[in-house]
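Topology and contacts: notes
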Amino acid sequence: MLLPFASPRPEERRTACRDLSLEFQSHKDNQRFLDPETGICTRLRIQATHPIPNTNQVKITDAVRRVPKLTVLLFRAPPSTIGEILLWPLKFILCSIVLLFWPLDGLPGGGSYTAVYPEYLMSYWGQMWAPRSTREYSIFDKLVEKNPMPTPANFSTTVKGVTHALHPRRLAIHGESGWYHCEDPAIIINYRYVAISYRQSDVFQRGVDDEGKKREEEQKKQFIESVRSTTLQCGLQAYWLDLECLGETTEEKNIDLYRMADIYRGAIFTLITLRKSDDQLSIESWKSWGGRVWTFPEAFLSRELRYRIGLDGPVIPITLHQLANKAYEYYSEETAIINAYDGKDRLDRLEHLTRLKAAIWRRGSAALPKATDLEKLSPPNEQQPPHTLNLSYPAERVYALMGFFEHRIMPSILETELQALARLSMANDSDRMAERMVSMLPQEMHAQACWYADDDQYGSQLWDIEPEVNVAGVTQSGALVLDGCRAATIRWQDFPEISFQTTESLRRSVAGKIPVTLPGWVLYAATWMPIPATISVGTVFFACAAFLLIAGPFLTAYSISGRILATQPWLIGVKGVMSPEEAANRVYGATLSKRQRLFFTPSGSPTRDDIYTLIDTFSGTMYYFTAKRPPTVCLFTGREGGLGRFVLCSENCVANELHKETVLRMPSYIHRAMTPCDWVALG
């Protein structure tokens, strides 16, 4: 007999993660964090200004001991009303009684002052998809070994061989007997050539049926004949056109496609072919050509630009500025790149490459069937899609961008765009693009690969960030593995009792320890008083106990006074908006010293809907920020504009990753109180 089965409620679903010893442990599927005191993966409880019942939210509390809290209530502010005056003796008696039964509560300080934040204990323990160092194990390299890029026989499949070229592999040359295709490098290097740039739909239409394919071949033939005629009219004997010079097989195309940046660099000039249109200025044709991914590097890497409208139009020289006005929809945003390539204004290398990336990302991809994302591809142990298919790689825009870099990467259909971008950044370490993106706060945070950023809510550019971390590699899920981080754990469950570094005083130290002896005096008095022969001794002990019972609160108050030099570093989180005055009462609730103020800073995170409060006791600063989930780890990752960039992350213990929730601009010096941590994966 089958028993009815009820699916568990969402809060009862269980999952598993690894602890610090890499042993599996099972727990409920809820937000968790690694407790820095126990090293155990623990359910996160969040103190909130308005806690929601039946959730992980709790009321705001503190861990301040009873005696210091009562002493502060007694002596911080003298009673001012009749009611307060009448209640004051009752509070005093209560404080003395508590001191009698819990004498250790009267000791000054909430623990020793260490000058460091609670450390983050976990590290990334998985294998990397693509590491920076060749000494590390690489999942990507192993997959490429099993599924190598198909290339012609006897071709050395290296990154340099596939992505760099001093001359085209094949060139169309006009000889004594007419036009022919030459693949002999000894001949090719002696010819100057023109490179042809066009948009496929402007020249021919791909056919579906037999009639359409026949029409397609006729249009291609007309186009080739026009290119040959124009080449000879321009006084040249050779040209490069992808229809003829790209390999016919997938193996040959793989060693031609990613050399195209160098092919256009080596051409005498680039000839742009546009379709005829009803518009007299052909603006629509220009916009159509300029909206493609690959035509952007074709134009910017060329020595000289010329164009013609239609297959029989005259060849007209055009400057890069003129071309940008006609062809680029985002001309105002790309002016700096145009001026740099036109020789007007030089750009810093990083700014140059950053603007190029933004320009390429705004453009459309190839008109080829799109290869699916990595998780939708066949499993890694299966073969790649058949070589006969010409697929547009998922990372096509990255491969178009890498033509502007000296150090390039091996293209692969196995990787996503963000994985390829991380590999390209690691290959060009001096630019450190990925490291800079980590410290930026984009308008929209990616669910995966949250390190990626196209913009910054603080208005900074990529070159404004000075990174303080290094990328050790990228994981299979697209997370960056960071090395050199300083990290601290954020406390959410309550306000801890905070210790302080105060001016040294022997009198305050002695005064704080005297009330601890109160139970001993009472015990001795109770022992000696019933004995007639020693009743006088017992009376002395009783008198001392009575004196300490009265003087105890005063001695405790004196011991917790004194000038505060420094506050124990803590990062304390609260859901909701907490005022600086209320936070100060929680932070300095166990001291009668002249307390420091807590300040709200506008240098924190831009706020929108759900607001959290973060209190930094080390700098005495408060921040308001928004996040989808409460962050439990703070990473110091960079500097910008005189402040540090601190990435607040939530923990995904199952994936062994951190997820960026927001970025705060905090004083740079507080990173010295953070403990250096092992590798962390930000994904």
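Computed from a predicted structure; not experimentally measured. (Residues numbered from 1 in each chain as written. Predicted model: local features only at pLDDT ≥ 70, side-chain atom pairs only at ≥ 80, totals over all residues. Heavy atoms only, no water.)

1. Description of the overall build of the protein
Under the convention used in this document: Helix and strand labels come from DSSP, where a helix needs a run of H or I of at least four residues and a strand needs a run of E of at least two; each type is numbered from the N terminus. Three labels apply to residues, based on accessible area from a 1.4 Å probe with only protein chains included: buried if under 20% of the type maximum, exposed if over 50%, partly exposed otherwise in between. Contacts were defined at the residue level, with two residues in contact if any of their heavy atoms lie within 4.5 Å. To be clear on the numbers: accessible area is Shrake-Rupley with a 1.4 Å probe, and residue cover counts the displayed protein chains and nothing else.
Within the protein one finds 22 helices and 29 strands. Counting only residues that meet the buried cut, the protein has 50% of its 683 residues in that class. For the protein, long-range pairs separated by at least 24 residues make up 67% of all intrachain contacts whose partners lie at least 6 apart in sequence. Element-wise, carbon and sulfur atoms account for 55% of the exposed surface of the protein, whose accessible area totals about 33,100 Å².

2. Thoughts on the packing of helix H11 (residues 283-290) against helix H13 (residues 320-327)
Note the following rule: Axis angles are defined between N-to-C directions and span 0 to 180 degrees, where every axis is a line fitted to C-alpha atoms and, for a helix, only to the segment in contact. Any angle from 65 to 115 degrees is called roughly perpendicular, while one under 35 is roughly parallel, one over 145 is roughly antiparallel, and all others are oblique.
Where H11 contacts H13, the axes come no closer than 7 Å and their chain directions differ by 100 degrees. On the basis of their axis angle, the class for H11 and H13 is roughly perpendicular. Where H11 approaches H13, its residues Ile-283, Trp-286, Lys-287, Trp-289 and Gly-290 are matched on the opposing element by Leu-323, Asn-325, Lys-326 and Ala-327.

3. Quick look at the confidence of the model for the protein
Rule in force here: Summary of the metric used: pLDDT quantifies the predictor's per-residue confidence within the range 0 to 100.
In the predicted model, the protein carries a mean pLDDT of 81, and 85% of its residues have values of at least 70. Counted against residues more than four places away or in other chains, residues 1-11, with its pLDDT under 50, gives two contacts. Note that residues 366-391 has pLDDT below 50 and, in this model, 49 contacts with residues that lie over four places away or in other chains.

4. Remarks on the nonpolar core
Within soluble globular proteins, side chains that are nonpolar tend to cluster in buried spots. The test is simple: Take the buried residues of types Ala, Val, Leu, Ile, Met, Phe, Trp, Tyr and Cys, join any two whose side-chain atoms come within 4.5 Å, and each joined set is a nonpolar core.
Core analysis: the largest hydrophobic core is formed by 86 residues, its most contacted members being Leu-323 and Trp-451. The residues touching Leu-323, leaving out its near neighbours within four places in the chain, are Ile-272, Trp-286, Trp-289, Ala-299, Leu-305, Ile-318 and Tyr-328. Grouped together as the second largest cluster of nonpolar side chains are 22 residues, Tyr-117, Tyr-623, Phe-636 and Ala-673 included.

5. Side note on the pattern of salt bridges
We count it as follows: What makes a salt bridge here is a side-chain nitrogen of Lys or Arg within 4 Å of a carboxyl oxygen of Asp or Glu, nothing more.
For the coordinates displayed, the defined rule picks out 22 salt bridges. We note a salt bridge from Arg-397 to Glu-417, for which the minimum N-O separation is 2.8 Å. Taken together, the positions of Arg-397 in helix H16 (residues 396-401) and Glu-417 in helix H17 (residues 417-427) put the pair 20 residues apart, joining distant regions of the chain. For Glu-417, a relative accessible area of 17% corresponds to the buried category. When salt bridges that share partners are traced, they join Asp-456, Glu-640, Arg-645 and Arg-665 into one network.

6. As for the state of the cysteines
Defined simply, a disulfide is a covalent bond joining two cysteines at their sulfur atoms. Applied cut-off: A pair of cysteine sulfur atoms is labelled a disulfide when the two atoms are within 2.5 Å.
With the rule as written, the count across this model stands at zero disulfides. Considering cysteine sulfurs only, Cys-653 is the nearest to Cys-41, which forms no disulfide, with 3.8 Å between them.

7. Overview of a nonpolar patch on the surface
Convention followed: Patch membership is restricted to residues that have no salt bridge and whose relative accessible area is over 30%. Joining uses 9 Å for like charges and 5 Å for the nonpolar side chains Val, Leu, Ile, Met, Phe, Trp and Tyr.
On the surface, a cluster of nonpolar side chains totalling about 630 Å² of accessible area is made up of Leu-87, Leu-90, Ile-93, Ile-97, Phe-101 and Trp-102. Examined against the element boundaries, Ile-93 turns out to sit in helix H2 (residues 82-101).

8. Description of the pairing of strand S27 (residues 657-666)
Which entries qualify depends on this criterion: Strand pairing is defined by DSSP finding a minimum of two bridges between the two strands.
Across the 10 residues that make up S27, a large majority, 10, are buried. Linking strand S26 (residues 643-652) back to S27 in an antiparallel pair, the connection comprises four residues, with Asn-656 at a positive phi of about 60 degrees.

9. Looking at the packing of aromatic side chains
Keep this limit in mind: For this analysis, a ring pair means two rings from Phe, Tyr or Trp (six-membered ring only for Trp) whose centres lie within 6.5 Å, classed as stacked if their planes differ by under 30 degrees, edge-to-face if by over 60, and tilted for the remaining angles. Note on criteria: charge over ring means Lys NZ or Arg CZ within 6 Å of the ring centre, with the direction from the centre no more than 35 degrees off the ring normal.
This structure, assessed with the given rule, holds 14 aromatic pairs. When the centroid spacing of 5.0 Å and the interplanar angle of 65 degrees are considered together, the rings of Trp-286 and Tyr-307 count as edge-to-face. With a gap of 21 residues between them, Trp-286 in helix H11 and Tyr-307 in strand S13 (residues 305-309) connect regions that are remote in the sequence. Each member of the pair Trp-286 and Tyr-307 is classed as buried. Residues Trp-492 and Tyr-612 carry aromatic rings whose centres are separated by 5.7 Å and whose planes lie at 85 degrees to one another, so their mutual orientation is edge-to-face. Placement of Trp-492 in the loop between strand S18 (486-491) and strand S19 (500-502) and of Tyr-612 in strand S23 (residues 611-616) is noted, with a sequence separation of 120 residues between them. Trp-492 gets classed as buried once you look at its relative accessible area, which sits at 0%. Counting every residue linked through ring pairs, the aromatic cluster contains Tyr-117, Phe-618 and Tyr-669. Directly above the ring of Phe-204 sits Lys-220, whose terminal nitrogen or CZ lies 5.0 Å from the centroid.

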